[in-house]
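Topology and contacts: notes
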Amino acid sequence: GAGVSQTPSNKVTEKGKYVELRCDPISGHTALYWYRQSLGQGPEFLIYFQGTGAADDSGLPNDRFFAVRPEGSVSTLKIQRTERGDSAVYLCASSLGPQATQYFGPGTRLTVL
Amino acid sequence: AQSVSQHNHHVILSEAASLELGCNYSYGGTVNLFWYVQYPGQHLQLLLKYFSGDPLVKGIKGFEAEFIKSKFSFNLRKPSVQWSDTAEYFCAVNEDTGNQFYFGTGTSLTVIP
């Protein structure tokens, strides 16, 4: 069956620009997570959605980062005024519930020049 | 905040050798513990998980892990590795009442045929 998909797979942008990263979770998964993985590091939690609401956004590094999930399925991570330090792989995962197995997508590699 | 330590950053083994990868975490309360694997060019996928019960858990592909509460550890083991086990391995911890998942920095395993 279809897994978690993320688009684009790669995104190159210039410092100061706005970017949107999309995540399509597995159908029926109510829980959705965004992570950021920098080179040589493990995934770092950003935000967790249960349904349409952001149940925990404590991992977002600052107010330039925002995520939505308006209909409880697809989610978009939005980054304003990108900085070079935002360069990383952004991972999305979905699960049937908050303590269930997470299924990860392939990630979006963001490069800020 | 939680921290997860994986002390082995890069491990090189010959086929049929035994494997043990260390994972320690910092939280003193009830935790859920996970090992994820990322094969070259693939997504992160779950190897095994511990929520409660028998502290020795078995996962896919012959892997197992033992939760030792007194040592705050959840080491991953495999008695005989194969070339196909070459991958990056991540330990992750989730506080039982929390939404965040904390990942270690990962261990890169190379198995030489």
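Going by the structure above, here's the rest.
Predicted model, so just to flag it, every value in this text is computed and none were measured. (Residues numbered from 1 in each chain as written. Chains lettered and ligands numbered in written order. Predicted model: local features only at pLDDT ≥ 70, side-chain atom pairs only at ≥ 80, totals over all residues. Heavy atoms only, no water.)

What follows is about the state of the cysteines. Tallied over the full model, the rule gives 2 disulfides over all chains. Paired by a disulfide, A:Cys23 and A:Cys92 hold their sulfur atoms 1.9 Å apart. Measuring handedness by torsion sign, the sulfur bridge of A:Cys23 and A:Cys92 sits at about -65° and is left-handed. Note that A:Cys23 is positioned in strand E3 (residues 19–24) and A:Cys92 in strand E9 (residues 88–95), a separation of 69 residues in sequence. Assessed through its relative accessible area of 0%, A:Cys92 is described here as buried. Each sulfur of the disulfide joining B:Cys23 and B:Cys91 lies 1.9 Å from the other. (Disulfide = S-S within 2.5 Å. Helix = DSSP H or I, 4+ residues; strand = E, 2+ residues; numbered from the N terminus. Buried < 20%, exposed > 50% of the residue type's maximum accessible area, 1.4 Å probe, protein only.)

When the parts of a complex come together, some accessible area is lost, and that lost area is often used as the size of the interface. Tallying the contact residues gives 18 residues for chain B and 22 residues for chain A. For the pair chain B and chain A, the two sides together bury roughly 1600 Å², of which 51% comes from carbon and sulfur. Seen at the junction of chain B and chain A, the total is 0 salt bridges. There are 3 residue pairs in polar contact (both at pLDDT 80 or more) connecting chain B and chain A. Considered class by class, the residues forming the side of chain B that touches chain A number 7 nonpolar, 8 polar and 3 charged. (Contact = heavy atoms within 4.5 Å. Buried area = accessible area lost by both parts, 1.4 Å probe. Salt bridge = Lys/Arg side-chain N within 4 Å of Asp/Glu carboxyl O. Polar contact = N/O pair within 3.5 Å; in protein donor to acceptor, adjacent residues only side chain to side chain. Nonpolar A, V, L, I, M, F, W, Y, C, P; charged D, E, K, R; others polar.)

All names here are of chain A. One open sheet holds the 4 strands; their spatial order is E1-E3-E8-E7, and the pairing between them is antiparallel. In the strand order of this sheet, the two ends are held by strand E1 (5–7) and strand E7 (65–68), each with one partner. For this sheet the average axis-to-axis angle between neighbouring strands, irrespective of direction, equals 15°. Here E1 runs beside E3; their pairing, made up of 3 bridges, is antiparallel. Looking across to E3, one finds that Ser5 is bridged to Asp24. (Pairing = 2+ DSSP bridges. Axes fitted to C-alpha atoms, helices over the stretch in contact; angles between N-to-C directions.)

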